[in-house]
There are 2 protein chains.
Amino acid sequence: MPAEAKRRRNRRGEGDLLRRQILEATTVLLAEAGDANAVSMRDIAAAAGVTPPAIYRLFADKEALLRAVIAERFDAFDLHLEQGEAGATTVREQLEGRCRAYLDYAATHPGHYRVLFSATHLGPVEVGASDGGHPGAASFNRLLTAVAACVPAGRGKAQRAFTITVELWSALHGFADLRITKPEFPWPASSVFLADMLERLV
Amino acid sequence: MPAEAKRRRNRRGEGDLLRRQILEATTVLLAEAGDANAVSMRDIAAAAGVTPPAIYRLFADKEALLRAVIAERFDAFDLHLEQGEAGATTVREQLEGRCRAYLDYAATHPGHYRVLFSATHLGPVEVGASDGGHPGAASFNRLLTAVAACVPAGRGKAQRAFTITVELWSALHGFADLRITKPEFPWPASSVFLADMLERLV
DNA sequence: TGTACATCAGTGAACGCGCGTTCACTGATGTAC
DNA sequence: TGTACATCAGTGAACGCGCGTTCACTGATGTAC
């Protein structure tokens, strides 16, 4: 509790400033824990420099808070993949950049990656960005687009692009996830894995 | 508790019979939950038709019990993969059978698969079978052997076989894991995924 | 064959703890007059 | 400029619950005589 500096109470009308502090505290704790169940409302309150009940004026309950944080992390993930394409001059480079960004995000934010892609406890999350449906769906569709751009036109192209995208996504997720859960394994460098994988798939 | 039939107390000297019942109850609950943290000692005791303290005469604590069950599941997993090779006449068929068994185990025992390959909470588990090291290591090494048998001899063969095995394992795990966590996605059939993946990798 | 006794499989009650959440409140801030 | 008051950001204490685990015990089973 008082590891945090003494908080000054927000001024009237500025109570929602705490909202952001709580979101950010939760984000940090989730990154460390890699598991939404391992982060308690008390932990969050302490990290935000506030007592637990203060959270409830801003979020209905723990689930609502987690959903909000996870939605933000999905958006950040999508943005990171988007930025991975920046500077690419060919469709092939775009695809490569996107995949590199995928592995990079998982490697630099393992806790968040696990919360996004290994969680079962929480149902679907509304993502600010896009695609009415599932949060993962947005990323998948963009990856599909990037793959399709690299597949030569012809009969059955859409089918082929879909198959390749599923294989690519599986490989990326498998590599990312196993690296996190089995860090003692002698993994090859992501760049080597990725280059080889793309050569074989596309 | 009394959903279970009234248990008859074991005879003297047969107290260890309960050991198996507890292991099996835990196995069932782990399959349903897919998460060791979501299964309590009280749940286990109730499923075994016994009160919680009875467990402690047979297992030191919850962790010891979970380790024992998980070690058994790793052995079962390895055995399943081994059986996947049965009947194969070529090394390529052996590899294919092993991979098919991998995906098949994950699909038919999703809860156990997740406990084995997505758990972070528990440290390394001693497996009855083999390879002093990590439990996953045994499976990996056997997969590596199966892949190596399909890779033509030549300079750098070992290196190539290792790379391919990492890629294959990543793809298998990614596909298996995502199928479990995102069941609403329009996954292609495992057999199609596998055939295509092997064609591309080997 | 019968009885006293030691063994041991399992029970019932309780422990201390951390959890999500609720409730009545406090006291600083801004507003009305 | 000064005071009474409403607002609202946040607190302190407590709730009921489920958890892993411990402890003193009970009572059926087998053994010794």
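Rules behind the numbers
Residues numbered from 1 in each chain as written. Chains lettered and ligands numbered in written order. Predicted model: local features only at pLDDT ≥ 70, side-chain atom pairs only at ≥ 80, totals over all residues. Heavy atoms only, no water. Near = heavy atom within 4 Å. Polar contact = N/O pair within 3.5 Å; in protein donor to acceptor, adjacent residues only side chain to side chain. Helix = DSSP H or I, 4+ residues; strand = E, 2+ residues; numbered from the N terminus. Nonpolar A, V, L, I, M, F, W, Y, C, P; charged D, E, K, R; others polar. Contact = heavy atoms within 4.5 Å. Salt bridge = Lys/Arg side-chain N within 4 Å of Asp/Glu carboxyl O. Buried < 20%, exposed > 50% of the residue type's maximum accessible area, 1.4 Å probe, protein only. Buried area = accessible area lost by both parts, 1.4 Å probe. Axes fitted to C-alpha atoms, helices over the stretch in contact; angles between N-to-C directions. Parallel < 35°, antiparallel > 145°, perpendicular 65-115°, else oblique. Left-handed = near helix turned anticlockwise from the far one by under 90°.

1. Topic: the protein's contact with DNA strand C
Consideration 1: Surveying the vicinity of DNA strand C reveals 26 residues, the closest of which are R12(A), R42(A), R7(B), R9(B) and R57(B).
Consideration 2: The sugar-phosphate backbone supplies 58% of the atoms of DNA strand C found within 4 Å of the protein.
Consideration 3: Between T51(B) and DNA strand C, the recorded distance is 2.7 Å, taken from a side-chain N or O atom to a phosphate oxygen.
Consideration 4: For the surface near DNA strand C, the secondary-structure elements that each account for two or more residues are α2 (41-48) and α3 (52-55) of chain A.
Consideration 5: Class assignment of the residues belonging to the surface near DNA strand C gives a composition of 9 nonpolar, 5 polar and 12 charged.

2. Looking at the environment of H112(B)
All names here are of chain B.
Consideration 1: Within the secondary structure, H112 sits in helix α5 (residues 110-117).
Consideration 2: In this structure the C-alpha to C-alpha distance between H112 and F74, which are 38 residues apart in sequence, comes to 9.1 Å.
Consideration 3: Every residue in contact with H112, bar those within four places of it in the chain, is listed here: T27, L30, A31, R73 and Y105.

3. Describing the pattern of salt bridges
Pairing between side chains becomes possible if they bear opposite charge and their charged atoms approach one another.
All names here are of chain A.
Consideration 1: Applying the stated criterion across every chain, the model contains 22 salt bridges over all chains.
Consideration 2: Between E63 and R67 there is a salt bridge; the shortest N-O distance is 2.7 Å. Of the two residues, E63 and R67 are both situated in helix α4 (residues 62-84); the distance of 4 residues between them amounts to about one turn of the helix.
Consideration 3: For E63, a relative accessible area of 38% corresponds to the partly exposed category.
Consideration 4: The structure contains a network of salt bridges with shared partners spanning D78, E82, E85, R98 and R142.

4. Digging into the side chain of E85(A)
Residue and element names in this part refer to chain A.
Consideration 1: Here E85 lies in the loop between α4 and α5 (91-108).
Consideration 2: In this structure the side chain of E85 is engaged in a polar contact, spanning 2.9 Å, whose partner is the side chain of R98.
Consideration 3: Sequence-distant contacts of E85, defined by excluding residues within four places in its chain, comprise Q94, G97, R98 and A146.

5. Considering the interface of chain A and chain B
Interface size, as often reported, equals the accessible area lost upon joining of the parts.
Consideration 1: Every contact between the two is made by 32 residues of chain A and, on the other side, 32 residues of chain B.
Consideration 2: Taken together, the two surfaces of chain A and chain B that pack against each other cover about 2,900 Å², and 66% of this comes from carbon and sulfur.
Consideration 3: The interface formed by chain A and chain B includes 2 salt bridges.
Consideration 4: A salt bridge links R200(A) to E167(B); the shortest N-O distance between them is 3.9 Å.
Consideration 5: Contributing elements (two or more residues each) for the side of chain A that touches chain B: α6 (110-117), α8 (157-181) and α9 (190-201) of chain A.
Consideration 6: Per element, the largest residue contribution to the side of chain A that touches chain B is 14 residues, and it comes from α8(A).
Consideration 7: Looking at the side of chain A that touches chain B residue by residue, the classes come out as 17 nonpolar, 8 polar and 7 charged.

6. Notes on the packing of helix α7 (residues 135-148) of chain A against α8(A)
All names here are of chain A.
Consideration 1: α8 packs onto α7 with a crossing angle of 120 degrees between their chain directions and a minimal axis gap of 9 Å. The pairing of α7 with α8 is recorded here as oblique in orientation. Where α7 crosses over α8, the two elements pack in a sense that is right-handed. Contacts between α7 and α8 pair F140, L143, L144, V147 and A148 from the former with K157, A161, F162, I164, T165, V166, L168 and W169 from the latter.
Consideration 2: Classifying every residue of the contact of α7 with α8 gives 11 nonpolar, 1 polar and 1 charged.

7. Describing the protein's contact with DNA strand D
Consideration 1: By nearness alone, 26 residues border DNA strand D, and R7(A), R9(A), R57(A), R12(B) and R42(B) come closest of all.
Consideration 2: Between DNA strand D and R9(A), the relevant distance is 2.3 Å, taken from a base nitrogen to a side-chain nitrogen or oxygen of the residue.
Consideration 3: Interatomic distance of 2.8 Å between a backbone N/O atom of M41(B) and a phosphate oxygen of DNA strand D.
Consideration 4: Listing elements by their share of the surface near DNA strand D, those giving two or more residues are α3 of chain A together with α2 (41-48) of chain B.

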